[in-house]
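Residues per chain are reported as follows:
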Amino acid sequence: MAHVTTMERENRRFGWLLTAPGLVLLAAVVLFPIVWAGITSFFNYSLIFPGYDDFAGLGNYAKAADDGEFLHSAWITLLFVVAVVGIQFVAGFVVALMLNDARRGKTVYYLILLCPLLINPVVVGLMWRMILHPTLGIVNWLLGTVGIEPVNWLGAPDMAFWTVVLVDIWHQVSFMVVLLLAGLSALPAEPYEAARVDGATPFQRFWHITLPMMKPVIVVTLLIRMIFAIKTYDIIYIMTRGGPGVATDLISYFIYRRAFVSLDLGEACAMAAMLLIVIAGLTAVLWRSMRQVQD
Amino acid sequence: MKKYMLSSLSALALTAVAAHAETVNILMEAVPDTTYIQQLLPEFEEATGIDVNLEVVNYAEMHTKLVPQLVSNSGSYSAIVVDFYWVGEFFKAGWMQPLDDRIAADGFDTSVYVPAMMDLVGQVEGTTYMLPFYNYAMGLLYRTDLLEDEANKTAYMDAFGTELKKPETWDEYLQQVKFFTKDGSYGVVNQGLRPDPIAMEWSNYLFAKGGEFIDDGWHATFNSPEGVAALEDYITNLNDYGPVGAASFSFDEAFNVFSQGQAYSYITYNFFRAAVDDASGSAIVGKGEIMGVPGQTPEEGGSLNGAWGWAIPKSSPNPDAAWEFLKWVESPEIAKKRALLGGSATRLDVFDDAEVIAKYPQTTALKELLLGSHNFPTFTYTPQFVEVLGRELSLAVSGEKSAQEALDAAAAEFDELAIKDGRQE
């Protein structure tokens, strides 16, 4: 092992000293709740009778794994994440490529695109509920003017699912655009010049240069967006409350109800821990991809 | 200079006193009855020197905001308002202070309350934990102008051979719903959003159809043939005689459809009656009335009872000041003033007050509605049951389960909860 000089040791100590307040704060607001929730997940802890005297072992986990409603929520969440991230990625990439080529007015486009992202998700939900009101909303009114029957945006199971997906895309697509555009503008110009000299078509340039070089950025963008999509809660809470039926009952909203309606904190914590493991797995992949980008 | 210093000091002292003036914090729902209290608050603050801070939020947020405050030893709410279906839970968890000693010490008269109100949001197992705040028993809002229309009367007589009038029975009402679904108008608008809007609304259908939620031994009975028929009526009304999308409507969206004159009827909370005549948001001023939900016979009613109560939580930082506020807000004068502003009464003296009746002639109908209404089963796990019932009803409405399957599933979960609560053997 390399010899550590006194100066290095002092530097390191100083570094720790500077980061200590931040670390303490993080431990208090992030680590402590996670550890506490982890411990709670092994107890039959209800807010009606709070206490750690009824040890459940893995009971809450077994119960969650056996709960049809919970598994259904997990399945719906998976469909939601695939739909939202997939569509947002394609749409976001197309817009990012177009913006990357734009010579004028880039800032204006940017500003317009960023507007939805700046709106609070609760406001987004309320706004769209009004816009999509089947009898009094503007969308069905406009459709009516060209002879289209009113659409049951949130009242039919399949339609409600896709309505929520579309609203989420409207709200979040600019996040994809911004990240992908940052990646595109950082690409070196030389390979493109060489390809142009060799007579490559725009599609060939995209397929053989842009896509491979963008790969690390794409992976990171997809993963970040996936993690956010798994946590979707606000839009569901405002727009559908998981309905109609159980068509939009996403997992975060399900866990929220188990904790704050059923007041069954033990079970809710077990479900949240299971979700955390999935998200942590995705984060590990994200971390590795980010390291690849750095290397 | 000395004078200047002295006056500065006394100003400082006054500010300090003002800063220490007591504040009563209450979490409340954004409903008309809350706004009436907000209008009257200056009277209380002037009389007692106690400030009142009302934190007004949407219903869906209330339970989530209340629970953490109630669990802790010292919360931030001095007083709380309790929805009837939280009562069992709050009682079991021991979150409310008994009020009997305070009531006795101050000679506060609770005998003036409608007995059903005291049962629902007053006493639990013989101890008074709450004072009834306002009732939201559900009723049938209907369009009087459509009933009085001569062309409608003739067409109805031709179609059904009976006179078109205020419905006396559930079947007559369903017939009218069908009749008024024509020319782009709807016979009914429903609030099909899960969990509580649909669960509360369907309860009226259950009672109207002659069904009950439970038997004497707390076993679920709402999956009986009456219950299934009630759900089938609900599904038909929503899908065939109501506007597109009613399965996702909360009460405000459903009311908007009614108040814009697009539906003949809407079964909803009685406080919406006043909003029908509010020209700022209603296109049918003077054309709507409320009645109890009709039952199987003209003598029976199908309305669901509902109410909020005032309570002082165990975690209240200043229970004495909170009681001062409760005493004031539920005093005969203020209760009457609230009713004159449009509030939903819980006290018999207010219901029978000549001035209130003169201003709101529907007061008598509202009293009858309340007296004839049915209670929802209230126990420790009522909020979970509402969640389950809402989910299953919504599944039936969206066609993913049959009425029988949905109610059987909800009944099985109800029985589990009742066993967990020690209600069933």
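Reading the values: rules and limits
Sequence order sets the numbering: in each chain, residues are counted from 1 along the sequence as written. Written order decides the labels, with chains lettered from A and ligands numbered from 1. Only residues with pLDDT of at least 70 are given local features in this predicted model, and only at 80 or more are side-chain atom pairs given and counted; all residues enter the totals for whole chains, interfaces and linings. Hydrogens and water molecules were not included; the side-chain quantities draw on all heavy atoms of the structure. An automatic or database domain assignment supplies the residue ranges for each domain. Throughout, a residue-residue contact means that at least one pair of heavy atoms, one from each residue, lies within 4.5 Å. Accessible-area loss on putting two parts together, using a 1.4 Å probe and summing over both, is the definition of buried area adopted here. Definition used for salt bridges: Asp or Glu carboxyl oxygen within 4 Å of a side-chain nitrogen of Lys or Arg. Pairing of N or O atoms within 3.5 Å defines a polar contact, subject to two protein rules: one partner must be a possible hydrogen donor and the other a possible acceptor, and residues neighboring in sequence count only if both atoms are side-chain atoms. Helix numbers and strand numbers start at the N terminus; a helix is a DSSP run of H or I with at least 4 residues, a strand a run of E with at least 2. Whether a residue is buried, partly exposed or exposed follows from its accessible area with a 1.4 Å probe, protein chains only, as a fraction of its type maximum: under 20%, in between, or over 50%, in that order. Residues scored as charged are limited to Lys and Arg (positive) and Asp and Glu (negative), so that His and the chain ends carry no count. Any two strands between which DSSP finds at least two bridges are classified as paired. Throughout, right-handed denotes a crossover for which the path from the first strand over the helix to the second runs clockwise when the strands point away from the viewer.

Undergrad: When you look at the domain arrangement of chain B in this model, what are you seeing that I'm missing?
TA: Accessible area lost when the parts come together is the quantity often used to give the size of an interface. All names here are of chain B. With domains assigned, chain B is organised as domain 1 (23–136 + 306–371) and domain 2 (138–304 + 380–420). Each of domain 1 and domain 2 was reduced to a C-alpha centroid, and the two centroids are 28 Å apart. Taken residue by residue, the interface counts 19 residues in domain 1 and 19 residues in domain 2. Looking only at domain 1, the three residues that lose the most surface to domain 2 are Tyr-85, Tyr-136 and Leu-369, adding up to 40% of its buried area.

Undergrad: Sorry if this is basic, but what is going on with the interface of chain B and chain A here?
TA: Residue-level contacts link 37 residues of chain B with 32 residues of chain A. Approximately 2,800 Å² of surface area, both sides summed, lies buried where chain B meets chain A, with 61% of it carried by carbon and sulfur atoms. Counting every contact that joins chain B to chain A gives 5 salt bridges. Notably, a salt bridge pairs Asp196(B) with Arg241(A), separated by 3.8 Å at the nearest N-O pair. If you look at where chain B meets chain A, you find 11 residue pairs in polar contact (both at pLDDT 80 or more). Put simply, the parts of the chain that give the side of chain B that touches chain A at least two residues each are helix H3 (59–71), helix H4 (87–93), helix H12 (251–259) and helix H19 (382–397) of chain B.

Undergrad: What is the right way to look at the side chain of Glu201(B) in this model?
TA: Mapped onto the secondary structure, Glu201(B) falls in helix H10 (residues 196–208). An unpaired buried charge is present at Glu201(B): no salt bridge exists, and Arg129(A), the closest side chain of opposite charge, is 12 Å distant. Within the structure, the side chain of Glu201(B) is placed 2.6 Å from the side chain of Tyr234(B), a separation counted as a polar contact. Beyond its immediate chain neighbours, meaning those up to four positions away, Glu201(B) contacts Met138(B), Val189(B), Asn190(B), Gln191(B), Tyr234(B), Tyr266(B) and Ile267(B).

Undergrad: Help me out: how do you make sense of the pairing of strand E2 (residues 51–57) of chain B in this one?
TA: The two faces of the sheet receive side chains in turn, since in a regular strand these alternate between them. All names here are of chain B. Two elements, strand E1 (residues 23–29) and E2, share 7 bridges in a ladder whose sense is parallel. Directly across from Ile-26, in E2, lies its bridge partner Leu-54. Regarding the hand of the β-α-β motif, the stretch spanning E1, helix H2 (residues 32–48) and E2 is right-handed.

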